[in-house]
Every structure is written in C-alpha cells, then in structure tokens.
Amino acid sequence: MTQSPPVIDYEGSNYSTEFWNPSREYEDRAERIALRVLLPPRGRRLADIGAGAGRLADLYAGYDEVILMDYARSTVIEARDRWAHDTRFKFVAADLYQLPFADGAFDSVVMVRVIHHIVDVPRALGNIAAALKPGGSFVFEFANKRHLKSMLRYALRRQRWSPFDRSPVEFAALNFDFHPDWMKAQLRHAGFTIRSMRAVSTFRLGALKRLFGARRLAALDGVLQRPLAALAVSPSMFVLNRRPPLAASSLYEEDTGSVFVCPLCRQSLQATADELRCANGHRWSTRDGFYDFKTPL
C-alpha cells in the first residue's frame, strides 16, 4: 500500500452552510450551468468525488446509480440525510488517493472544487481514469492561477508569484492554483482526451454580485463560458474529458458486479449485514446508511 499525501479534512465543519451561503449563489448557479452543458445527461453509474453534502446531486437525475463520495464522514452523513429518500444514491467516505471503486465502474465522474486541495495531482487523476469505463466522461473543475484578478495583482506588485509560471502555486496550506496549460498536460498524461472547456465564475466580485444580483450575473456568465474558455482568464475552469474507447478489436468486459473493491489491496469484497470484507481480511463498515472506506474495522 502506498501512503497517501496529506489532505484537508472538513470533518465536523459547517462547510456546506457557511461556505455555500447566499453570498455564493452566483458561483453555485454558474457552476450548475457549466455542469448541465458538459455532463452527459444519462448513464448507468456516476460518481461525484468530493460531493460534500450533495450540493449538485439534483443534476444527476438521468443516472441509474449515483455515488456521492467525500473524505469527511460528517459531510457524507449530511448527503445521506438529504438524499437517502432516493434509492439510486450510495454514500461513501473515502480517500481520493485510495479509491474503493472497481476499474471501469463508472460511465461518468464529476469532481468540482476538489483538485485545489490535492498535492499529488497525477496520482489522483490516474485513479479517476482507472475508475472510468472506456469512453467514459470526466467533468472536472480546477482553480485557475492565470485569472484576471491574479494578473492585475501581479502587475501591481501585490502578489509575489507569477500567474504566467506554469508550475502550481500553493498560496495557502493545501490550497493550490493551477496554470491551464499545466493542468491540460496532467489530464493528457492520465490518459484523458480533452473535449470541451468552460470558463466559470468570471464575475466573482462582491460589487458585481450586489449590482446585478446572482441570477442575472450567472445568466451572463453562462452566455460567456464557452467564448471565454479559450482565453482561460476566469478563476474557475470546467473541463469535459473522455477516457478513450477501446479499439474495436480489444476485449472489454462490462462491469456487472459490485462497484466497490478493497481500497488497500484492490480485492473484491463480500458483504455481510453491516460490513464489507476482502479475502485479505480488510473489513469496512456499511453502518448508518453509508460506506466507510477511510479506516478498516
């Protein structure tokens, strides 16, 4: 087992209400516009990695099975309490660096507002690529270091790091911004084909929100997301990626079993009343209505 790098843990926080408060209605609306455009509307199985309390889960109505995963158990419980009435949902506490998902398990994966906390981006993207079936879609958001405010601050010498340097910048502990060209290279290295991009939250200023209101500002954002994508000067970039399909001569067996494998040894899991167990003796709790893959029993 490879040890995981450090991660930010929102366990016990009020992130879902304190961060996503009315002052961020514009960002929420703008992100939903981008996701509706980029995400395939239907499929067999979808995973939202870093789903928090399930803020975006209503956009997944066309999927037969939906996994809402987060690192913090407390936010998984929030998601469960919010969405347990819908039997299509499963609620998972797990580590992105040690995903508990079978290879090729998902038609689509969504990951929004997560990668800016990730130290080892290649490892994280590689894990997601493995979890997608050939031809599957990965809708992905990253924090852009080359946005307009950053460039202005750098020009005025109010910011030491250059937004034009391609290396990631850790502007606070475990908080990273990424150059678009660097992130595209990481996605391609992980085996993804980039299909489309959207520039999101271009008008992320309190004065503009107060002047225009969240609804009108998000509508304008939605109109400009595609034309501004080529400039890549918005604080948030959404990318639709595809895992390339296999050649016609290649053999691929469609997954018909469990979505889960042991995150420690990648072995299949057998279910009992309140746990999952692999052949190597690793046991994982399924109590309280969600799957806990963070710490073995």
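What comes next concerns the included structure. (Residues numbered from 1 in each chain as written. Predicted model: local features only at pLDDT ≥ 70, side-chain atom pairs only at ≥ 80, totals over all residues. Heavy atoms only, no water.)

**Re unusual backbone geometry**
- In this structure, Arg113 is a non-glycine residue whose phi angle is positive, near 60 degrees.
- Assessed through its relative accessible area of 17%, Arg113 is described here as buried.
- At Leu174, a position not held by glycine, the phi torsion is positive, near 60 degrees.
- Take Leu174: it is sitting in the loop between strand E6 (169-172) and strand E7 (175-177). (Buried < 20%, exposed > 50% of the residue type's maximum accessible area, 1.4 Å probe, protein only. Helix = DSSP H or I, 4+ residues; strand = E, 2+ residues; numbered from the N terminus.)

**Re the packing of aromatic side chains**
- Under the counting rule described, the total for this entry stands at 17 aromatic pairs.
- Considering the side-chain rings of Phe138 and Phe192, the 5.2 Å spacing of their centres and the 35 degrees angle between planes classify their relative orientation as tilted. Taken together, the residues Phe138 in strand E5 (residues 132-143) and Phe192 in the loop between helix H6 (180-189) and strand E8 (193-200) connect sequence positions 54 residues apart.
- Overall, the relative accessible area of 4% leaves Phe192 in the buried class.
- With centroids separated by 6.5 Å and ring planes inclined at 5 degrees, the aromatic side chains of Tyr291 and Phe293 adopt a geometry described as stacked.
- Residue classification places Phe293 among the buried residues on the basis of a relative accessible area of 4%.
- One aromatic cluster is present, built from ring pairs that chain together Phe101, Phe106, Phe260, Trp284, Tyr291 and Phe293.
- Positioned above the aromatic ring of Trp20, the side-chain terminus of Arg55 is 3.8 Å from the ring centre.
- Taking the ring centre of Tyr71 as reference, the NZ or CZ of Lys294 above it sits at 3.8 Å. (Phe/Tyr/Trp six-rings, centres within 6.5 Å; stacked < 30°, edge-to-face > 60°. Lys NZ or Arg CZ within 6 Å of the ring centre and 35° of its normal.)

**Observations concerning the nonpolar core**
- By size, the foremost hydrophobic cluster in this structure holds 51 residues, and its most contacted members are Phe106, Ile115, Phe138 and Phe140.
- Ranked by residues supplied to this core, first place goes to helix H4 (residues 121-131) with six residues.
- Among all residues touching Phe138, those that are not within four sequence positions of it are Val109, Met111, Leu125, Ile128, Leu132, Leu187, Phe192, Val239, Leu240 and Asn241. (Core = buried A, V, L, I, M, F, W, Y, C linked by side-chain atoms within 4.5 Å. Contact = heavy atoms within 4.5 Å.)

**Considering the pattern of salt bridges**
- All chains considered together, the criterion is met by 20 salt bridges.
- Note that Arg113 and Glu31 form a salt bridge whose closest N and O atoms lie 2.7 Å from each other. Of the two residues, Arg113 is situated in the loop between strand E4 (106-111) and H4 and Glu31 in helix H2 (residues 25-38); the sequence distance between them amounts to 82 residues. Of the two residues, Arg113 and Glu31, both sit in the buried class.
- Here Glu65 makes a salt bridge to Lys90, at a shortest N to O gap of 2.9 Å. Within this pair, whereas Glu65 is found in strand E2 (residues 63-70), its partner Lys90 is found in strand E3 (residues 89-93), the two being separated by 25 residues in sequence. (Salt bridge = Lys/Arg side-chain N within 4 Å of Asp/Glu carboxyl O.)

**Section: the side chain of Asn175**
- Mapped onto the secondary structure, Asn175 falls in strand E7.
- Only 2.8 Å separates the side chain of Asn175 from the backbone oxygen of Ala173, close enough to count as a polar contact.
- Setting aside residues no more than four positions away along its own chain, Asn175 makes contact with Ile8, His116, His117, Val169 and Glu170. (Polar contact = N/O pair within 3.5 Å; in protein donor to acceptor, adjacent residues only side chain to side chain.)

**Some words on the environment of Ala72**
- As for its position among the elements, Ala72 is in the loop between E2 and helix H3 (73-83).
- C-alpha of Ala72 to C-alpha of Ala93: the two residues are 21 residues apart in sequence and 6.5 Å apart in space.
- With near-sequence residues (within four places) excluded, Ala72 lies in contact with Asp9, Tyr10 and Glu11.

**Quick look at the side chain of Arg113**
- A distance of 2.7 Å separates the side chain of Arg113 from the side chain of Glu31, its partner in a polar contact.
- Excluding residues within four positions of it along the chain, Arg113 makes contact with Tyr15, Phe19, Trp20, Glu27, Glu31, Arg55, Glu141 and Arg204.

**A look at the pairing of E2**
- Taken across its eight residues, E2 has seven buried, putting it largely inside the fold.
- Relative to E2, strand E1 (residues 43-49) runs parallel, the two being bridged by six bridges. The partner of Arg45 across the bridge, within E2, is Glu65.
- Running through H3, the crossover from E2 to the neighbouring parallel element E3 is right-handed. (Pairing = 2+ DSSP bridges. Right-handed = clockwise from strand over helix to strand, strands pointing away.)

**A word on the packing of H2 against helix H8 (residues 214-229)**
- Two elements in contact, H2 and H8, have axes separated by 9 Å at closest approach and are oriented at 35 degrees. Handedness of the crossing formed by H2 with H8: right-handed. Where H2 approaches H8, its residues Glu25, Tyr26, Arg29, Ala30, Ile33 and Ala34 are matched on the opposing element by Ala214, Arg215, Leu217, Ala218, Asp221, Gly222 and Gln225.
- Here the residues of the contact of H2 with H8 sort into seven nonpolar, two polar and four charged. (Axes fitted to C-alpha atoms, helices over the stretch in contact; angles between N-to-C directions. Left-handed = near helix turned anticlockwise from the far one by under 90°. Nonpolar A, V, L, I, M, F, W, Y, C, P; charged D, E, K, R; others polar.)

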